[in-house]
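Here is what each chain is made of, one letter per residue.
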Amino acid sequence: EVYKIEGGGRHTLAILRRKRDNAKRIYSWGRGDDGQLGIGMSVQSAGPSRTRTAGENVELIAAGWSHSVCVQSKQAENLEKRLKTEARDRVSM
């Protein structure tokens, strides 16, 4: 099932959670010219591909114009609030 989804400049990230053990894995698709898909190549992907750079139990994802970030810590909630506040502050400038 989809746990979280984020859109970047020209790519999308999703965390999918497996029901049997609650493992959370990142999938990505779209433009990957700068490696932002995390699949090990700088290519485009028309459909979801599992990332190679993150393990299981990811709590937070963020997608920028040409980069992606994930957090696997239980402290992800505090970081998510901080990132959203910083992004909102940049937009209001």
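Just so it is clear, the model here is predicted, and its values are computed rather than measured.

### Some details on the nonpolar core
And then number 1: Among the nonpolar cores identified, the biggest contains 6 residues, and these are Leu 13, Ile 15, Ile 26, Val 58, Ile 61 and Ala 63.
And then number 2: Those elements that provide at least two residues to this core are β2 (11-17) and β5 (60-63).
And then number 3: Contact partners of Leu 13, with chain neighbours within four places excluded, come to Lys 4, Ile 5, Glu 6, Ile 26, Tyr 27, Ser 28, Ile 61, Ala 62, Ala 63 and Ser 68.

### Regarding the pairing of strand β6 (residues 68-71)
And then number 1: Pairing of β5 with β6, which is carried by 4 bridges, proceeds in the antiparallel orientation. Note on β6: the bridge partner recorded for Leu 60 is Val 71.
And then number 2: Between β5 and β6, which pair antiparallel and follow one another directly, the connecting turn spans 4 residues.

### Points about the packing of aromatic side chains
Ring pairs (aromatic) are described by centroid distance and by the angle formed between their planes.
And then number 1: One pass over the full model with this rule turns up 0 aromatic pairs.
And then number 2: Geometry around Tyr 3 places Lys 24 over its ring, the cationic atom sitting 4.5 Å from the centre.

### Quick word on the pattern of salt bridges
And then number 1: Within this structure, the stated rule accounts for 5 salt bridges.
And then number 2: When the shortest N-O distance is used, the salt bridge between Arg 18 and Asp 21 registers 2.6 Å.
And then number 3: Looking at Arg 18, the relative accessible area reads 24%, which means it is partly exposed.
And then number 4: On the basis of relative accessible area, Asp 21 is assigned to the partly exposed category, the value being 39%.
And then number 5: Among the salt bridges present, the one from Arg 82 reaches Glu 86, with a minimum N-O distance of 3.1 Å. One end of the pair, Arg 82, and the other, Glu 86, are both in helix α1 (residues 76-91), 4 residues apart, so they sit about a helical turn from each other.
And then number 6: A relative accessible area of 55% places Arg 82 in the exposed class.

### Focus: unusual backbone geometry
And then number 1: Here the phi dihedral of Asn 22 falls at roughly 65°; this positive angle occurs in a residue that is not glycine.
And then number 2: Along the chain, the position of Asn 22 falls in the loop between β2 and β3 (24-30).
And then number 3: Under the relative-accessibility criterion, Asn 22 is labelled partly exposed at 44%.

### Here we look at the sheet that holds β3
And then number 1: With antiparallel pairing, the 4 strands of this open sheet are ordered in space as β1-β2-β3-β4. In this open sheet, the two edge strands, each paired with only one partner strand, are β1 (2-7) and β4 (45-50). If you compare each strand with its neighbour and ignore which way they point, the axes differ by 15° on average.
And then number 2: Relative to β4, β3 is paired through 3 bridges, and the arrangement is antiparallel. Bridge pairing links Ser 28 to Ser 49 in β4.

Rules used throughout
Residues numbered from 1 in each chain as written. Predicted model: local features only at pLDDT ≥ 70, side-chain atom pairs only at ≥ 80, totals over all residues. Heavy atoms only, no water. Core = buried A, V, L, I, M, F, W, Y, C linked by side-chain atoms within 4.5 Å. Buried < 20%, exposed > 50% of the residue type's maximum accessible area, 1.4 Å probe, protein only. Helix = DSSP H or I, 4+ residues; strand = E, 2+ residues; numbered from the N terminus. Contact = heavy atoms within 4.5 Å. Pairing = 2+ DSSP bridges. Phe/Tyr/Trp six-rings, centres within 6.5 Å; stacked < 30°, edge-to-face > 60°. Lys NZ or Arg CZ within 6 Å of the ring centre and 35° of its normal. Salt bridge = Lys/Arg side-chain N within 4 Å of Asp/Glu carboxyl O. Axes fitted to C-alpha atoms, helices over the stretch in contact; angles between N-to-C directions.

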